[in-house]
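# Chains, contacts and geometry: an overview
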Number of protein chains: 4
Amino acid sequence: MNSYILKIDCQDEKGLIYRVADIVFKYKLNIVKNDEFVDKEHGKFFMRAELSGELNTKEFLGTLEAMLPNNAQIYITPKCKKNIVLMGTKESHVLGDILLKHYRNELNANILAVISNYEELKPLVEKFDIPYFHISHEDISRQIQEERILSKLQELSPDFIVLAKYMRILSNDFVKHYKEKILNIHHSFLPAFIGANPYKQAYERGVKIIGATAHFVNDNLDEGPIIAQDVITVNHEFGWREMQRAGRNVEKTVLSTALDLVLEDRIFVHNNKTVIF
Amino acid sequence: MNSYILKIDCQDEKGLIYRVADIVFKYKLNIVKNDEFVDKEHGKFFMRAELSGELNTKEFLGTLEAMLPNNAQIYITPKCKKNIVLMGTKESHVLGDILLKHYRNELNANILAVISNYEELKPLVEKFDIPYFHISHEDISRQIQEERILSKLQELSPDFIVLAKYMRILSNDFVKHYKEKILNIHHSFLPAFIGANPYKQAYERGVKIIGATAHFVNDNLDEGPIIAQDVITVNHEFGWREMQRAGRNVEKTVLSTALDLVLEDRIFVHNNKTVIF
Amino acid sequence: MNSYILKIDCQDEKGLIYRVADIVFKYKLNIVKNDEFVDKEHGKFFMRAELSGELNTKEFLGTLEAMLPNNAQIYITPKCKKNIVLMGTKESHVLGDILLKHYRNELNANILAVISNYEELKPLVEKFDIPYFHISHEDISRQIQEERILSKLQELSPDFIVLAKYMRILSNDFVKHYKEKILNIHHSFLPAFIGANPYKQAYERGVKIIGATAHFVNDNLDEGPIIAQDVITVNHEFGWREMQRAGRNVEKTVLSTALDLVLEDRIFVHNNKTVIF
Amino acid sequence: MNSYILKIDCQDEKGLIYRVADIVFKYKLNIVKNDEFVDKEHGKFFMRAELSGELNTKEFLGTLEAMLPNNAQIYITPKCKKNIVLMGTKESHVLGDILLKHYRNELNANILAVISNYEELKPLVEKFDIPYFHISHEDISRQIQEERILSKLQELSPDFIVLAKYMRILSNDFVKHYKEKILNIHHSFLPAFIGANPYKQAYERGVKIIGATAHFVNDNLDEGPIIAQDVITVNHEFGWREMQRAGRNVEKTVLSTALDLVLEDRIFVHNNKTVIF
């Protein structure tokens, strides 16, 4: 018995669940878990099912396509580990947290490599026997550095790229190669404190809550679809460095949570928002 | 177009979703919202759907019963306001919060009456033109007091009874008349601090978090199925009265949240636990 | 034995605690609770003490002034109920929550009156025997409406004004009469979603957390010093009306918490931020 | 200029702050941060100050002792890194989190060694060049195993011992050697779910919130003074293994937070509860 993930995203109509359940039944699959959501504002239907059984996925896909509305986006995959590449700069707390999770075999992914624009993270990464590629941005244009990263990524061919505190902005040209495939952790509860040093911004504003946001990266800085957020309370005793220090645990937890959701194919992106089952 | 809530709770089998979706489709109903859950440990299937269309519920129920496993529990109801009775003692914060929510027409229920073992709450309740019945426990046995309450409840015939800080223990004889129909708010994050004065217990133990728990009442004190919980942080500056004071907002919020879930038919009880959609 | 609150806010120097403690000791006062904070970035010292004993506050103030740095702000007051005026528009959830807290004698304040630009809240307010003043903004300029409100406020002479979902922007001219005396509840975790309909903004952005912020009102909309914030989690099933509905409990709790802090003289405002003991 | 931590814990009296501030002033020390708390129920005074200046701590201690009530507990120490020993069993998430924090130089401690009753954690610990001592409990009595651990601890002479998921109960004989020096993380929001497999207990009870608790270890299992707690929400989809998985982030965060408080001398223990500044 194998396990599969089925994701459907199409225009809403009467009888969609019936049609899908009918096909699943005829293929003698068991529905282990099933979630649906209708976005009434936009007339969109979302469905994710975990199926068990024996399946020719190509044929199954064809049968579903014939029965579902035109332009339906249907995704069927055996449940398995994804391949990911991590990118970092100098800070190791988020990167290290993912490396440890991978080390204790709790990450549903193979880490193909870590790419960084600095050397600082190399000793840590190599402790865990993960390849480390240093692709500096110094003395070269953004375009050239990104081309070097892209070239390395094409060679590695990851399913997802995880920005574990990679502190450089990626150009639109870069991002368009990996639509909804690049995951980032921003150290504020977006949309508050977009841009540089959000802890300093939070300190200046005198907020009583700080947070972190994991999101897919799109064309606009810190404006991609939000996957997960969490917060902690602070008070007047926190300078921005104390906020930064306290925030590290939230950054780790939020990215870890979001990454699990991504790796388990639980996320739909629609209208710059996420539907998560 | 009418709206209906369908709830199914039965032994898990292949094809259940298909069978239900098939019937729903044949009755020309639209599935507005649909949730399922399979408890693999106990082999149980739970489903809740919001349907819109025109329906003879009796006939629909019969058709479903014929197609689902024996002993399936099927519940179909038009979406509508429930009738509730509130019970209190002397504290007004939770009761008042529900009265206000009802007053601004945000409670999906008619409040038939408030029953209390004291007179203290009467002036507040009468401000909102809700009938108030004082059924004292003084100078009479528990049995006689409960019979008087039961007699009043039978006359009022509520769908649910909400214990809004009713500070007396209800006997098993009382509770068995209203299985999964009595909702209580306990002022601790159960199962911590069962019984009397949980804030004092929390203070004595020196916890850094206190909470509140809304649950259905069953035979055993504070051991019924949990519906909702929430917590707040405290520190060494909190004596038990400060905890009690701070806890009031949590008690209000947790009961309010749980009551909404009950009134919208979102809860299944199974094995002394709740499945909530 | 009487109780007093002492608040000191001055430039930081060596020996400040010693000097204050010395004077308190010589006046034979007991320090029931004492908090200090030094803002190192700005070289500012903050202290708040609860004292018990017998005191000529004027003389005590003079002695302190002689011993503390020039321009020290010193505030000494007997512990007592403050007088407040509530302002609202049409929504009753926050206003009602404060009225109930006052009714059950848990608010450390006398509610002198409710002022609203509409009639809708009148029946609720009058249930609690609080004077209600309807000062409409219709068919008149902002200036004239605000003058009418100011005139009523001058007559009532409150210590603090609480905007319990008062949905009109107050002009700078109005605000300057009540510097750090006007408390507002904004229905987002500021600085996210400043301005109109923050729940709609939150829905559009697809956040996974929404919140509320209580702050003092200053010249700039939603940019005054933050007193308290809290959040709740949401998901893709929440439209903006569901966010609004769920947010009401947070709005009530956050304003209630902030109002307690204000009424107990626990807040210093400094550099558009709050220091709270 | 050096930094010192001063902690005082004595019977409450009038003039204590004055007396301490007077001495601090005479020693020409600057008070960088100061916190006090009076436990009125037990008539106890707690004070913690961060001082800067030049100091003969022995002489300073003598002067304080002469001026404070008999039996006052006075603790003065230069601000510096503590020495700690970690103990673990097989699970690496909490241990790894501390190792990483130490690696990136954010832990205010030297890790002298890791002691474990198994071999599993050795490869991870050795990646970070920390000595690893395997002291098995197999085929020997509890007493003998504990004597071996004690012997190793006496040799290492740590300030604190951190049980990072050490899954064996320590005997009273062991604990009495390190009163308020052994820090433990328990994977439930104590006092709920004391004892073995709290996630399974939480699953069986059907709670909607799970948590973790960091506490000092005393004679009674899971009943020592609580330092920090935090929680996360769960629902009916969580089996106990999903709770365990989700709980790991909370366990890491709570122990990390508590350990920082311990290492910065911020905690007083009194009456089996903590006062934390």
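Computed from a prediction, not measured in an experiment: that's the story for all the values here. (Residues numbered from 1 in each chain as written. Chains lettered and ligands numbered in written order. Predicted model: local features only at pLDDT ≥ 70, side-chain atom pairs only at ≥ 80, totals over all residues.)

If you look at the biggest cluster of nonpolar residues, it comprises 330 residues, and the most contacted ones within it are Ala164 of chain A, Ala164 of chain B, Ala164 of chain C together with Ala164 of chain D. Sequence-distant contacts of alanine 164 of chain D, that is, excluding residues within four places in its chain, are made with Leu86, Met87, Gly88, Val94, Leu95, Ile98, Ile185 and Leu255 of chain D. (Core = buried A, V, L, I, M, F, W, Y, C linked by C-beta atoms within 7 Å. Buried ≥ 20, exposed ≤ 12 C-beta atoms within 10 Å, placed from the backbone. Contact = placed C-beta atoms within 7 Å.)

A few words now on the confidence of the model for chain A. When pLDDT is averaged along chain A, the result is 96, and 100% of the positions lie at 70 or above. In the predicted complex, the global pTM is 0.97; the interface-specific ipTM is 0.95. (pLDDT = per-residue confidence, 0-100.)

This part takes up the packing of helix H3 (residues 93-103) of chain D against helix H8 (residues 240-263) of chain D. Residue and element names in this part refer to chain D. Their axes nearest at 9 Å, the elements H3 and H8 cross at an angle of 45 degrees. Classed by the angle they form, the pair H3 and H8 counts as oblique. Like other packed secondary-structure pairs, H3 and H8 cross with a definite hand, here right-handed. Together, His93, Val94, Asp97 and Lys101 of H3 and Arg248, Glu251, Lys252, Leu255 and Ser256 of H8 make up the contact between the two elements. Looking at side-chain class alone, the contact of H3 with H8 contains two nonpolar, two polar and five charged residues. (Axes fitted to C-alpha atoms, helices over the stretch in contact; angles between N-to-C directions. Helix = DSSP H or I, 4+ residues; strand = E, 2+ residues; numbered from the N terminus. Parallel < 35°, antiparallel > 145°, perpendicular 65-115°, else oblique. Left-handed = near helix turned anticlockwise from the far one by under 90°. Nonpolar A, V, L, I, M, F, W, Y, C, P; charged D, E, K, R; others polar.)

The next subject is unusual backbone geometry. A cis geometry characterises the amide bond from leucine 190 of chain B onward to proline 191 of chain B, with omega recorded as 10 degrees. Structurally, proline 191 of chain B is set in the loop between strand S9 (182-186) and helix H7 (198-205). Located in the positive-phi region is lysine 165 of chain B, a residue other than glycine, with phi close to 70 degrees. With respect to the helices and strands, lysine 165 of chain B occurs in the loop between strand S8 (160-163) and helix H6 (172-175). Taking the number of C-beta atoms within 10 Å as the measure of exposure, lysine 165 of chain B has 22 and is therefore buried. One non-glycine residue, asparagine 71 of chain D, lies in positive phi territory at about 70 degrees. With respect to the helices, strands and loops of the structure, asparagine 71 of chain D is situated in the loop between helix H2 (57-67) and strand S4 (73-78).

The subject of this paragraph is the interface of chain D and chain C. With 14 residues of chain D at the contact, the number on the chain C side is 14 residues. Those elements that place two or more of their residues in the side of chain D that touches chain C are helix H1 (16-26) and strand S2 (30-39) of chain D. Residue contributions to the side of chain D that touches chain C peak at seven residues, all from S2 of chain D. Split into classes, the residues belonging to the side of chain D that touches chain C amount to seven nonpolar, three polar and four charged.

Now for the sheet that holds strand S11 (residues 226-233) of chain C. In a beta sheet, neighbouring strands pair by backbone hydrogen bonds and run either parallel or antiparallel. All names here are of chain C. The sheet built from seven strands is open, its strands ordered S7-S6-S5-S8-S9-S10-S11 with mixed pairing. Of all the strands in the sheet, just strand S7 (132-134) and S11 have a single pairing partner and so form its edges. Between one strand axis and the next, the sheet turns through 20 degrees on average, direction left out of account. With three bridges joining them, strand S6 (residues 109-116) and S7 adopt parallel strand pairing. Bridging across to S7, serine 116 finds its partner in histidine 134. Contacting strand S5 (82-88), S6, S7 and strand S8 (160-163), helix H5 (residues 142-156) crosses the sheet at an angle of about 160 degrees to S6. (Pairing = 2+ DSSP bridges.)

Turning to the interface of chain C and chain A, a few remarks are in order. Across the boundary between the two partners, chain C contributes 24 residues, which contact 24 residues of chain A. Among the residues making up the side of chain C that touches chain A, the classes are represented as twelve nonpolar, seven polar and five charged.

Let us now look at the pairing of strand S11 (residues 226-233) of chain A. The side chains of a regular strand alternate between both faces of the sheet. Residues and elements named next belong to chain A. For S11, the tally of buried residues reaches six of eight residues, placing the bulk of the element in the interior. Alignment of strand S10 (residues 209-216) against S11, held across seven bridges, turns out to be antiparallel. Bridging across to S11, alanine 212 finds its partner in aspartate 230.

All names here are of chain A. Here glutamate 50 is to be found in strand S3 (residues 44-53). Taking the C-alpha atoms as reference points, glutamate 50 and glutamate 106, 56 residues apart in sequence, are found 20 Å from one another. Setting aside residues up to four positions removed in sequence, glutamate 50 forms contacts with Ser3, Ile5, Val32 and Lys33.

Right, let's talk about the relation of the copies chain C and chain A for a bit. Superposing chain C onto chain A takes a rotation of 180 degrees plus a shift of 0.0 Å along the axis, which leaves an RMSD of 0.0 Å. Look at the turn and shift together and you get a two-fold axis relating the two. Closest approach to the rotation axis within chain C is made by the C-alpha atom of alanine 192 of chain C, at a distance of 2.3 Å. A shared binding surface is used by both copies, with 100% of the interface residues of chain C retained as interface residues in chain A. (Least-squares fit on C-alpha atoms with pLDDT ≥ 70 in both.)

This part is about the sheet that holds strand S7 (residues 132-134) of chain D. Residues and elements named next belong to chain D. The sheet built from seven strands is open, its strands ordered S7-S6-S5-S8-S9-S10-S11 with mixed pairing. Looking at the sheet topology across the chains shown, the edges are occupied by S7 and strand S11 (226-233). Pairwise comparison of adjacent strand axes, ignoring direction, gives a mean angle of 20 degrees for this sheet. The strands that H3 touches are strand S5 (82-88), strand S6 (109-116), strand S8 (160-163) and strand S9 (182-186); relative to S5, the one it contacts most, it runs at about 155 degrees.

With that out of the way, let us pick up the relation of the copies chain D and chain C. You can overlay chain D on chain C at an RMSD of 0.0 Å; the transform is a turn of 180 degrees with a shift of 0.0 Å along its axis. When you check the interface residues of chain D against chain C, 100% turn up at the interface there too, and the contact is symmetric in its surfaces.

Residues and elements named next belong to chain A. The set of residues buried in helix H7 (residues 198-205) consists of Pro198, Tyr199, Ala202 and Tyr203. An end-on view of H7 places all buried positions within 140 degrees of arc, on one side of the element. Here the buried face of H7 lies against S10 and helix H8 (240-263). Of the residues trailing H7, glycine 206 is marked for its positive phi of about 75 degrees. (Arc of directions from axis to C-beta.)

All names here are of chain C. The sheet contact formed by strand S12 (residues 267-270) and strand S13 (residues 273-276) spans four bridges and is antiparallel. Note on S13: the bridge partner recorded for histidine 270 is lysine 273. The loop that links S12 with its antiparallel partner S13 comprises two residues; one of these, asparagine 271, has a positive phi angle of about 65 degrees.

Our focus in this paragraph is the domain arrangement of chain A. Residues and elements named next belong to chain A. We note that the domain assignment places domain 1 (2-78) and domain 2 (82-276) within chain A. Counting from both sides, the interface comprises ten residues of domain 1 and, opposite them, six residues of domain 2. Listing elements by their share of the side of domain 1 that touches domain 2, those giving two or more residues are strand S1 (2-11), strand S2 (30-39) and S3. Looking at side-chain class alone, the side of domain 1 that touches domain 2 contains three nonpolar, two polar and five charged residues. (Domains from an automatic or database assignment.)

It is worth spelling out the environment of isoleucine 194 of chain D at this point. Residues and elements named next belong to chain D. Structurally, the position occupied by isoleucine 194 is in the loop between S9 and helix H7 (198-205). Isoleucine 194 gets classed as partly exposed once you count the C-beta atoms within 10 Å, which come to 15. Measuring from C-alpha to C-alpha, the distance between isoleucine 194 and valine 125 comes to 29 Å, with 69 residues separating the pair along the chain. In contact with isoleucine 194, other than residues within four places in its own chain, are Leu221 and Asp222.

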